[in-house]
Amino acid sequence: MTHLQSSYEAYFMFMGVEEFVALGQTHNFSSAAKRLGVSTSLVSRRVAALEEKMGVRLVNRTTRVVKLTDAGYEYFNRCSVILQEMEEANSAVVSESQEFEGRIRVSAAGDYAERFVGPSLARFAMQHPKLQIEMDFNSRNVNLIDDGFDFAIRYGELSDSSLVARPLTTRNLVAAASPTYIKKYGVPKHPNDLAQHRCIISVRDTWHFNENGNALSVKVPVAFQSNSGANLVATALTGLGIVYLPQTTLQESLNNQGLVSIMESYCATNIPTWLVYPSKRFLPRRVRAALDFLQADLKSL
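A quick note: this is a predicted structure, and the numbers were derived from the prediction, not measured.

Which residues make up the pairing of strand 14 (residues 271–277), and what values go with them?
Successive side chains on a regular strand alternate, one facing one side of the sheet and the next facing the other. Of the strand pairs in this sheet, strand 5 (residues 151–155) and strand 14 are connected by 4 bridges, and their pairing is antiparallel. Each residue of the ladder has a partner; that of Arg 154, found in strand 14, is Trp 274. As judged from the 7 bridges shared by strand 6 (residues 164–171) and strand 14, these two strands associate in the antiparallel manner. Residue pairing in the sheet places Val 164 in a bridge with Tyr 277 of strand 14.

Printed below as a string of structure tokens:
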């Protein structure tokens, strides 16, 4: 057997394994295809070809979900280790100066993501012209695997323990209102006083404060709601009500005195911002490099 023949045989033996592992992780052909950046039909064909080549049924297919057979589960575990070792081997031998290419999909809602994370990823992409960055600013809490995202920006306490989380930065919250609002309605002295005021909210109508080192949660009356940080600030500038947002979002309006900070001693501080992703396994080098770049580029914000 020639070296060329053995290379071809190794290639065809491996074909379909990556698709099968992605299918085992997502339990859905469409989600596996999104994760790999290929068509659903390609994933289906390659997994079917892998089963035919192995002579073993690896998955049980239904209309909605895919479940691994006992043989498929054992094969999935073994192949997962092999793919991880291959990724580590590739990272060890490939020069860091080599250009990255391919797509990176990011879920990143919020004003901080739009103003800082997006431009930072643009700077990363400028260093690697063959990369394609796709950012989704939908405010819903996406399922990274099912929806085909490489990583996401999340804020505050994390509820999904299955995700790997890297700290990106911490931010302070500021309650603020315009001089026009303050002249008309006065200044709340304590968070409980907000019940008598008009509030401009983003997602939730419960605001979290600190009082003497203890957490204090207050349900506020809603005068206006928006999932756009810029829109919330613009609305507060009209004098409609009080906002409670990260300082980075309000800083320009505070500097030019369009808004005035209030209840400063009660506002929450050091709210964490996270980079989250599904697993350390099978993390493409381009994604790992993007995560490293973001942490270094935004550490001072």
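Moving on from the model shown.
Describe the sheet that holds strand 13 (residues 260–262), listing the residues and the values that go with them.
What the 5 strands build is an open sheet, ordered 11-8-12-7-13; its pairing is mixed. Two strands bound the open sheet, and with one partner strand each, they are strand 11 (222–225) and strand 13. In this sheet, adjacent strand axes meet at a mean angle of 40° when their direction is disregarded.

Lay out the sheet that holds strand 14 in plain terms, naming residues and giving numbers.
The 5 strands lie next to each other as 4-3-5-14-6, forming an open sheet whose pairing is mixed. Since the sheet does not close on itself, it has two edges, and those belong to strand 4 (131–136) and strand 6, each with one partner. Within the sheet, the average angular offset between the axes of one strand and its neighbour, ignoring direction, is 20°. For strand 3 (residues 102–107) and strand 4, the ladder comprises 6 bridges, and the chain directions are parallel. Paired with Ile 104 across the bridge in strand 4 is Ile 133. Its contacts with the sheet place helix 10 (residues 285–297) against strand 3, strand 4, strand 5, strand 6 and strand 14, and it is angled at close to 20° to strand 6.

Lay out the side chain of Glu 51 in plain terms, naming residues and giving numbers.
One can find Glu 51 in helix 4 (residues 40–54). Not counting residues up to four positions away in its chain, the partners in contact with Glu 51 are Val 56, Arg 57, Leu 58, Val 59 and Arg 61.

Analysis parameters
- Residues numbered from 1 in each chain as written.
- Predicted model: local features only at pLDDT ≥ 70, side-chain atom pairs only at ≥ 80, totals over all residues.
- Heavy atoms only, no water.
- Pairing = 2+ DSSP bridges.
- Helix = DSSP H or I, 4+ residues; strand = E, 2+ residues; numbered from the N terminus.
- Axes fitted to C-alpha atoms, helices over the stretch in contact; angles between N-to-C directions.
- Contact = heavy atoms within 4.5 Å.

Everything listed here is a matter of coordinates, which is why it stays silent on function.
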